[in-house]
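Read off the chains here:
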Amino acid sequence: MRSARLTKQWLLPARASSILLFFAVGTMCYLAAISLGTGLLLVHAVDGWTQEISSRASLRIDVLEGRDTQIAAQQAARAAERNPNVIRAAPLSREEIEAILEPWLDTEELGEEFELPAIVNLRLRVYDKQVLGNLVNEIQRQVPGVVLETHDAWRERLEQTRRWTLAVAFGVPGLIAAVAITVMLLATHVVFTGNRPVIELLHLLGARNGDIARAGRKRTFVPCLCASVLATLLALATFEAVARADTGHPLLETAANREIYAGWLALVPVASILIARISVRIALIRSLARLSRT
Amino acid sequence: MPTSDVLRLENVNVRYGDSAEVLREVNFTVPRGSFHFIVGASGAGKSTLLKLLFLSLRPSDGEMFLFGQPVHNAWRSRRVLLRRHIGMVFQDVRLIDHMSVYENIALPRAIAGERERDYRSDVRALINWTGLETRIDAYPPTLSDGERQRVAIARAVVARPILLLADEPTGNVDGKVGSLLLQLFAELNRLGTTVLITTHNPVEQDDIDAQLVRLERGRLILPGTEAP
């Protein structure tokens, strides 16, 4: 029997505003979760690339008259491997060097007699400029003219990409939160203006602003909670679907690593409820204070 | 409450902004358990007096005591809480359309923070007392004027107020329904509630022991006194 239910629907017929709030919060949470998850996956990928290029360097042994570059490369590799920071030093074969130089030189037309600089690939334990400087000095003492080539320019670009990706990953949800706050403030103001006679009556029947605000907050809590939890689950399902889509793209496949984003995504409902409660509270108190004055 | 007077007004004037006084030099004491009709023509200041007694208006001058406590300078939050001891039947009834009869009547108790199980039987008893058993789940737009008035009366007394105010409660209903409503007020008064009703046309009720107070151009004229 309906008469037995609690008397709590003080403000406005609830359904329309609750459904609107549910969809608005749900959509915003979903977009925020997708943006955050995608950003974190990108950051993870960038970190992987950075780690990969940081563990690699190469030694270039230029052609010098009277020196066999291949023998010099072997010497440089042995010298490098004596260094504890070098895991492996592998001189490249002439075919491998030709393949690397192919974009710049028409290597097919090069005769066997054309001497190419030698290259030694190094696998490093840590990327440290000072350690690398010591390493190259050490090698140069045994093989003069050795040049160490690192990937500093790429590392810098990747660092920059990482910073921007992180900024976007958290900035977009931040912007969404700002829009959500604005929408909530506006919606609460509109709802209260529309409910003015009811609020006046509630005041006359002995309701304090806090009592009315509490009723308003109750109204927002459940739709916000449901919408944000559902939206986050939907975002997790989206990442799961992407991971299982078998696209063959390594970046998309990283979506299978839930530990990268799941923890952060779990914060989306918490943040959205906090934002909703705080913004609704501010809006309610402001609207009620304005109504009380008039 | 320790005092035997529910309400006391001393030299109270009320004016809106810079306009002339709507109530002038009002001295009025309402003893506990009394029944007053305040009679006056339109514009005499009846609604203003009721707003004043309901604490939704402050006196411009003078002193006002409710349940023995001074309220003329009371803060808004204190007035709101004191208002919980006053029942009010508004002239325009003021029911909430999206709430059922039951919910409208229960509203003051819910506002006071009571749990439904604590007031459910009281609300049902009032619904039976006002003859609204079959309309318990109905919404105000579907009620007749008389039914709406009865819901308003039930809502006004559900929190067991010490003072019950009614602004022209019989104004929008026919004589028969008006008489029935007055019987409800009389019954409440017999149970100990102090009742104060404003009306421009008091219905003769032999079985109501009420004092008639006239309000003329903002001045309250008590029985046995003449207008200055």
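Caption draft 1: Region of interest: the overall build of chain B. Summing up its helical and strand segments, chain B has six helices and ten strands in all. Residue burial in chain B is summarised as follows: out of 228 residues, 53% are buried. For chain B, long-range pairs separated by at least 24 residues make up 68% of all intrachain contacts whose partners lie at least 6 apart in sequence. Total accessible area on chain B stands at roughly 10100 Å², and carbon and sulfur atoms take up 47% of it.

Caption draft 2: Inspection of the sheet that holds strand β2 (residues 21–31) of chain B at higher detail. All names here are of chain B. With respect to topology, four strands assemble into an open sheet ordered β2-β1-β4-β5, the strand pairing being antiparallel. Each of the sheet's edge strands pairs with one partner strand only, and the pair in question is β2 and β5 (69–70). Of the strand pairs in this sheet, strand β4 (residues 61–66) and β5 are connected by two bridges, and their pairing is antiparallel. Note on β5: the bridge partner recorded for F65 is P70. Here helix α1 (residues 46–53) sits on the sheet and contacts β1 (5–15), β2 and β4; the angle it forms with β1, its principal contact strand, is near 125°.

Caption draft 3: Summary view of the sheet that holds strand β2 (residues 86–91) of chain A. All names here are of chain A. Read across the sheet, four strands follow the order β2-β3-β1-β4 without closing on themselves; strand pairing throughout is antiparallel. Only two strands of the sheet have a single neighbouring strand rather than two, namely β2 and β4 (146–149). Taking the axes of each pair of neighbouring strands and ignoring which way they run, one obtains an average angle of 20° across the sheet. Along the sheet face, helix α4 (residues 129–142) touches β1 (56–61), β2, β3 (118–124) and β4 and points at about 160° away from the line of β4.

Caption draft 4: Structural detail: the confidence of the model for chain B. Residues and elements named next belong to chain B. Predicted confidence across chain B gives a mean pLDDT of 87, with 93% of residues reaching 70 or more. Per-element confidence in chain B is highest for β4, whose mean pLDDT is 94, and lowest for helix α6 (residues 175–190), whose mean pLDDT is 83. For this predicted complex, the interface confidence score (ipTM) comes to 0.84, while the overall pTM stands at 0.65.

Caption draft 5: Inspection of the packing of helix α3 (residues 101–111) of chain B against helix α4 (residues 116–129) of chain B at higher detail. All names here are of chain B. The contact between α3 and α4 brings their axes to 10 Å, and the two run at 135°. Here α3 is positioned oblique relative to α4, judged by the angle of their axes. The crossing of α3 and α4 is right-handed. Between α3 and α4, the residues in contact are Y102, I105, A106, R109 and A110 and E116, D118, Y119, R120, D122, V123, R124, L126 and I127, respectively. Considering only residue class, the contact of α3 with α4 consists of eight nonpolar, no polar and six charged.

Caption draft 6: Structural view of unusual backbone geometry. Residue and element names in this part refer to chain B. Of note, E25 is a non-glycine position whose phi angle comes to about 45°, a positive value. Position of E25 relative to the elements: it lies in strand β2. For R94, which is not glycine, the phi dihedral falls at a positive 55°. Structurally, R94 is set in the loop between β6 (86–89) and α3.

Caption draft 7: View of the packing of aromatic side chains. In the structure shown here, the tally under the stated rule is five aromatic pairs over all chains. Aromatic side chains A:F170 and A:W264 sit 5.0 Å apart centroid to centroid with 75° between the ring planes, which places their arrangement in the edge-to-face category. On the criterion of sequence distance, the pair formed by A:F170 in helix α5 (residues 152–194) and A:W264 in helix α9 (residues 262–293) is long-range, its members being 94 residues apart. For A:F170, a relative accessible area of 34% gives the class partly exposed. With a relative accessible area of 41%, A:W264 lands in the partly exposed category. Ring centres 5.4 Å apart and planes at 50° place the aromatic pair B:F35 and B:F37 in the tilted group. On the basis of relative accessibility, which here comes to 2%, the residue B:F35 falls in the buried class. Overall, B:F37 belongs to the buried group, its relative accessible area being 6%.

Caption draft 8: Quick look at α5(A). End to end, α5(A) covers 62 Å across 43 residues, agreeing with the expected 63 Å (1.5 Å per residue, within 8%). Every buried residue of α5(A) is accounted for by A:L158, A:T165, A:A169, A:P173, A:I176, A:A177, A:A180, A:M184, A:T188 and A:F192.

Caption draft 9: Quick look at the nonpolar core. Ranked by internal contacts, the top residues of the largest apolar core, which has 70 residues, are B:L9, B:F28, B:L49, B:L53, B:L66 and B:L165. Core analysis: the second largest hydrophobic core is formed by 38 residues, B:Y119, B:L143, B:I153 and B:L188 among them.

Caption draft 10: Quick peek at the environment of A:N257. Residue and element names in this part refer to chain A. Mapped onto the secondary structure, N257 falls in the loop between α8 (250–253) and α9. Judged by its relative accessible area of 27%, N257 falls in the partly exposed class. Considered as a pair, N257 and H44 are 213 residues apart in the sequence and their alpha carbons are 9.9 Å apart.

Caption draft 11: Quick peek at a nonpolar patch on the surface. All names here are of chain A. Side chains of F170, W264, L267, V270, L274, I278 and I282 sit close together on the surface and give an oily, nonpolar patch of about 650 Å² of accessible area. When residues of the nonpolar patch are assigned to their parent elements, the largest contribution, six residues, is made by α9. Tracing the backbone shows V270 in helix α9. Take V270: its relative accessible area is 46%, and that puts it in the partly exposed class.

Caption draft 12: Inspection of the pattern of salt bridges at higher detail. All chains considered together, the criterion is met by 22 salt bridges over all chains. Across the pair A:E149 and A:R60 runs a salt bridge whose closest N-O atoms are separated by 2.5 Å. Within this pair, whereas A:E149 is found in strand β4, its partner A:R60 is found in strand β1, the two being separated by 89 residues in sequence. A relative accessible area of 33% places A:E149 in the partly exposed class. When its relative accessible area of 25% is taken as the criterion, A:R60 is described as partly exposed. In this structure, B:R15 and B:E21 form a salt bridge, with 3.3 Å as the shortest nitrogen-oxygen distance. Residue B:R15 is classed as partly exposed on the basis of its relative accessible area of 31%. Overall, B:E21 belongs to the partly exposed group, its relative accessible area being 32%. The network of salt bridges with common partners includes B:R109, B:E114, B:D122 and B:R160.

About the criteria used
- Residues numbered from 1 in each chain as written.
- Chains lettered and ligands numbered in written order.
- Predicted model: local features only at pLDDT ≥ 70, side-chain atom pairs only at ≥ 80, totals over all residues.
- Heavy atoms only, no water.
- Helix = DSSP H or I, 4+ residues; strand = E, 2+ residues; numbered from the N terminus.
- Buried < 20%, exposed > 50% of the residue type's maximum accessible area, 1.4 Å probe, protein only.
- Contact = heavy atoms within 4.5 Å.
- Areas by Shrake-Rupley, 256 points an atom, 1.4 Å probe, with all protein chains shown as cover.
- Pairing = 2+ DSSP bridges.
- Axes fitted to C-alpha atoms, helices over the stretch in contact; angles between N-to-C directions.
- pLDDT = per-residue confidence, 0-100.
- Parallel < 35°, antiparallel > 145°, perpendicular 65-115°, else oblique.
- Left-handed = near helix turned anticlockwise from the far one by under 90°.
- Nonpolar A, V, L, I, M, F, W, Y, C, P; charged D, E, K, R; others polar.
- Phe/Tyr/Trp six-rings, centres within 6.5 Å; stacked < 30°, edge-to-face > 60°.
- Expected span 1.5 Å × (residues − 1).
- Core = buried A, V, L, I, M, F, W, Y, C linked by side-chain atoms within 4.5 Å.
- Patch = residues over 30% accessible without salt bridge, like charges linked within 9 Å, V, L, I, M, F, W, Y side chains within 5 Å.
- Salt bridge = Lys/Arg side-chain N within 4 Å of Asp/Glu carboxyl O.

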